[in-house]
Amino acid sequence: MGRSISAVGVDDLVKAGLAIEEAKEFHRVLKETVSGAKGSDPREVWRELLARKVLKPWYPHGLHQLVYYSVYADWDPSTNGPPIYWFPSLYQSKQTNLGRLLENYGSKILGESYKDPITSFSLFQKFSVQHPEAYWSIVLKELSVSFHEAPKCIFDTTDKSKHGGTWFPGSSMNIAECCLLPRSHPRKEDISLAVVWRDEGSDNSEISHMTLKELREQVMLVANALDAIFSKGDAIAIDMPMTVDSVVIYLAIVLAGFVVVSIADSFAPKEIAIRLRVSKAKAIFTQDFILRGGRKVPLYSRVVEASPIKAIVLPVTGNNVGIQLREQDLWWKDFLSSANCHPGSNSYIPIYQPAESVTNILFSSGTTGEPKAIPWTQLSPIRGAADSWAHIDVRVGDVFCWPTNLGWVMGPILLYSCFLTGATLALYHGSPLGRGFGKFVQDAGVTVLGTVPSLVKAWKSTMCMEGLDWTKIRSYASTGEVSNIDDDLWLSSRAYYTPIIECCGGTELASSYIQGNPLQPQVFGAFSSASLTSGLVILDEHGIPYMTKLVLVKWVYSLYTWDQLIDCLMRIMRKFTSRECQLTKECT
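Residues numbered from 1 in each chain as written. Predicted model: local features only at pLDDT ≥ 70, side-chain atom pairs only at ≥ 80, totals over all residues. Heavy atoms only, no water.

Quick look at the pattern of salt bridges now. Evaluated as defined, the whole model comprises 26 salt bridges. In this structure, Arg-43 engages Asp-41 in a salt bridge whose closest nitrogen and oxygen atoms are separated by 2.9 Å. Since its relative accessible area comes to 26%, Asp-41 is described here as partly exposed. Here Asp-265 makes a salt bridge to Arg-292, at a shortest N to O gap of 3.9 Å. Here the residue Asp-265 occupies a position in the loop between β8 (259–262) and α13 (269–279), and Arg-292 occupies one in strand β10 (residues 289–292), the gap between them amounting to 27 residues. (Salt bridge = Lys/Arg side-chain N within 4 Å of Asp/Glu carboxyl O. Buried < 20%, exposed > 50% of the residue type's maximum accessible area, 1.4 Å probe, protein only. Helix = DSSP H or I, 4+ residues; strand = E, 2+ residues; numbered from the N terminus.)

Following this line, the structure appears as structure tokens:
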């Protein structure tokens with residue numbers, strides 16, 4: 001056990017990295033804050049420290065460690081659970097997306113049981129599981145989802161041959177069009193910033209930006225060029241970093257009625273070939289090189305080795321591709337010129353299809369065998385964006401950044417989460433490991449930052465983010481790997497202890513089944529509840545539930561790989577009754 005907070009002296013503060021005079025002043029403030037807490041409960045002491053912003057983001061990490069671990073020095077996790085580092089206030093809760101929803105609808109759907117967003121969250125989560133139609137009818141109004149032909153209902157269970165029912169029966173839509181049109185709610189105007197970005201190596205340059213109108217025009221230009229070459233329904237791959245160009249290409253493929261094949265830009269030729277073969281892709285968008293840490297890493301050459309299909313190649317810098325292309329391949333500028341045959345290359349009539357139409361083929365990681373093709377329908381983006389809206393609290397006007405790739409599930413989720421909620425997509429064209437990325441986060445005014453734990457560990461160990469201002473960040477999100485408590489302590493402290501929303505799900509789900517959220521206290525490396533509309537139970541070896549509550553902490557099951565954990569939970573969920581298996585119903 002460590003030293004309790006009342007025993008921390010000036011010498012301890014100096015050892016933690018403060019200068020002597022600074023340590024004396026901090027010690028005075030610390031004593032005053034501890035004595036001003038409501039009782040001696042460590043949670044109340046920590047809550048008071050956060051309320052007064054005693055721990056500044058620029059203080060040495062050693063000081064944050066000293067105070068946090070001293071506050072909870074006598075805490076017994078076996079009795080009390082893991083120590084809480086973030087508490088929602090009633091005022092803050094009512095500003096969140098979920099809080100607004102509950103304040104508007106809580107009394108109507110929960111009756112006299114409704115008290116306030118924090119107290120009533122668990123009741124609302126259960127309601128969302130038992131009444132998914134009611135939940136989705138509310139949430140759809142908060143997202144940029146519109147139908148070309150309105151559905152007959154939200155959810156239809158009359159056709160017993162369709163396990164899990166049918167969502168939005170009789171509807172037609174184009175989910176890419178939903179991303180590109182201005183709306184009054186959520187507020188999206190033609191002049192709204194849709195995308196902001198910066199290239200690696202240009203860390204002192206202005207942030208580049210694209211308005212919603214400019215994005216729509218670029219997407220329509222590419223859609224017209226696609227129509228000049230391909231047939232409707234063709235599968236077209238993207239093997240590129242997540243840049244503004246790849247986002248435009250992705251939306252254009254969906255807008256024009258084709259199917260995106262998502263391939264991570266880190267894959268070797270063999271892995272690329274498998275995905276192209278399985279998806280029966282007719283062409284692939286790629287780059288000549290990838291820029292990482294000041295080095296040009298070949299990408300086009302890997303695509304050439306993987307497959308003879310047509311490649312449309314973008315330059316990593318400038319306007320010209322820096323390599324010789326095969327005869328069947330096209331430079332990006334030549335591809336775009338094929339749109340000139342259309343009199344209105346900046347206009348386009350979207351292809352409307354049923355909600356269950358496939359728009360994107362993603363793949364499992366392949367770490368436990370040959371990668372599995374995972375089709376996303378037009379429903380998948382709605383589920384992913386809804387989780388971001390509700391659990392990560394992505395709002396209109398937010399700037400949302402998450403270093404990822406369109407080849408992984410978080411790439412499309414990030415894209416749709418921004419454009420369906422009215423947030424701005426923030427992209428760094430380069431490696432997220434160094435200070436350049438952190439400066440982009442600062443300069444772009446990022447308010448929601450997604451991470452993976454290994455990335456946070458690299459930032460912390462290299463101290464590359466020292467001196468940068470991340471205090472505009474209102475929410476973090478983390479997924480993909482086992483979290484480390486001390487690394488998360490460092491990350492959260494960069495923004496006055498902003499919550500880190502842990503997410504666990506899968507590509508098949510287009511979302512998470514267990515997460516944190518802004519209406520519940522948060523614990524480092526832990527999930528606070530099942531996702532909205534997700535009902536979870538744990539079964540014993542006889543298939544009988546033996547727990548009434550499910551609490552999973554990422555750092556507890558570090559012996560499992562992420563894929564193994566997901567496969568295990570999916571096997572459990574297949575045993576659910578139809579009433580319990582709302583998760584399967586949601587993930588069409």
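Moving on, there is more to tell.
This next bit is on α13. Burial in α13 covers these residues: Pro-269, Ile-272, Ile-274, Arg-275, Leu-276 and Ser-279. Structurally, α13 contributes buried residues whose contacts are with β7 (235–239), β8, β9 (283–287), α14 (300–306) and β15 (358–363). At the exit of α13 stands Lys-280, carrying a positive phi of roughly 55°. (Contact = heavy atoms within 4.5 Å.)

In terms of nonpolar packing, the biggest core is built from 98 residues, with Leu-226, Leu-251, Phe-285 and Phe-419 touching the most fellow members. Tallying contributions element by element places helix α12 (residues 244–255) first for this core, with ten residues. Every residue in contact with Leu-226, bar those within four places of it in the chain, is listed here: Ile-236, Ala-252, Ile-253, Phe-258, Phe-285 and Phe-335. The next biggest cluster of nonpolar side chains, apart from the first, holds 56 residues, and it includes Ala-37, Leu-50, Leu-63 and Cys-401. (Core = buried A, V, L, I, M, F, W, Y, C linked by side-chain atoms within 4.5 Å.)

It is worth spelling out the domain arrangement of the protein chain at this point. Interfaces are often sized by the amount of accessible area the parts lose when they come together. Each domain of the protein chain was delimited in the assignment, giving domain 1 (5–81) and domain 2 (173–577). If you average the C-alpha positions of domain 1 and of domain 2, the two centres end up 38 Å apart. The interface is formed by 13 residues belonging to domain 1 together with eleven residues belonging to domain 2. For the pair domain 1 and domain 2, the summed buried area comes to about 1100 Å², and 63% of that belongs to carbon and sulfur atoms. For domain 1, the biggest contributors to the area lost against domain 2 are Pro-57, His-61 and Tyr-68; these three give 47% of the whole. (Domains from an automatic or database assignment. Buried area = accessible area lost by both parts, 1.4 Å probe.)

Taken together, the nine strands give an open sheet; going across it, the order is β6-β5-β18-β17-β19-β20-β21-β22-β24, and neighbouring strands pair in mixed fashion. If you trace the sheet from one side to the other, it starts and ends with β6 (208–211) and β24 (529–530), each paired once. As defined by bridge partners, strand β20 (residues 475–478) adjoins strand β21 (residues 500–506) across three bridges and the pair is classed as parallel. Paired with Tyr-476 across the bridge in β21 is Ile-500. The strands touched by helix α20 (residues 485–493) are β19 (448–451), β20 and β21; relative to β21, the strand with the most contacts, the crossing angle is about 125°. (Pairing = 2+ DSSP bridges. Axes fitted to C-alpha atoms, helices over the stretch in contact; angles between N-to-C directions.)

Strand pairing in a sheet relies on backbone hydrogen bonds. The paired strands run either parallel or antiparallel. Across the sheet, seven strands lie side by side as β13-β12-β9-β7-β8-β15-β16; this open sheet has mixed pairing. Of all strands in the sheet, those with a lone pairing partner are β13 (330–331) and β16 (373–377), marking the two edges. Summarising the sheet, β15 and β16 pair through five bridges and their orientation is antiparallel. Directly across from Phe-363, in β16, lies its bridge partner Ala-373.

The next subject is the environment of Ile-191. Secondary-structure assignment places Ile-191 in the loop between α10 (175–180) and β5 (193–199). A C-alpha to C-alpha distance of 6.2 Å links Ile-191 and Leu-212, two positions 21 residues apart in sequence.

Before going further, it helps to spend a moment on the packing of aromatic side chains. Scanning the entire structure with this criterion turns up 27 aromatic pairs. Pairing Tyr-68 with Phe-524 gives two aromatic rings, centres 5.6 Å apart and planes at 70°, and the pair type is edge-to-face. Taken together, the positions of Tyr-68 in helix α4 (residues 61–71) and Phe-524 in the loop between β23 (522–523) and β24 put the pair 456 residues apart, joining distant regions of the chain. Phe-524 gets classed as buried once you look at its relative accessible area, which sits at 2%. Relative to Phe-335, the ring of Phe-285 lies with its centre 5.3 Å away and its plane at 80°, an arrangement referred to as edge-to-face. Here Phe-285 is found in strand β9, whereas its partner Phe-335 is found in helix α15 (residues 332–337), with 50 residues between them in sequence. (Phe/Tyr/Trp six-rings, centres within 6.5 Å; stacked < 30°, edge-to-face > 60°.)

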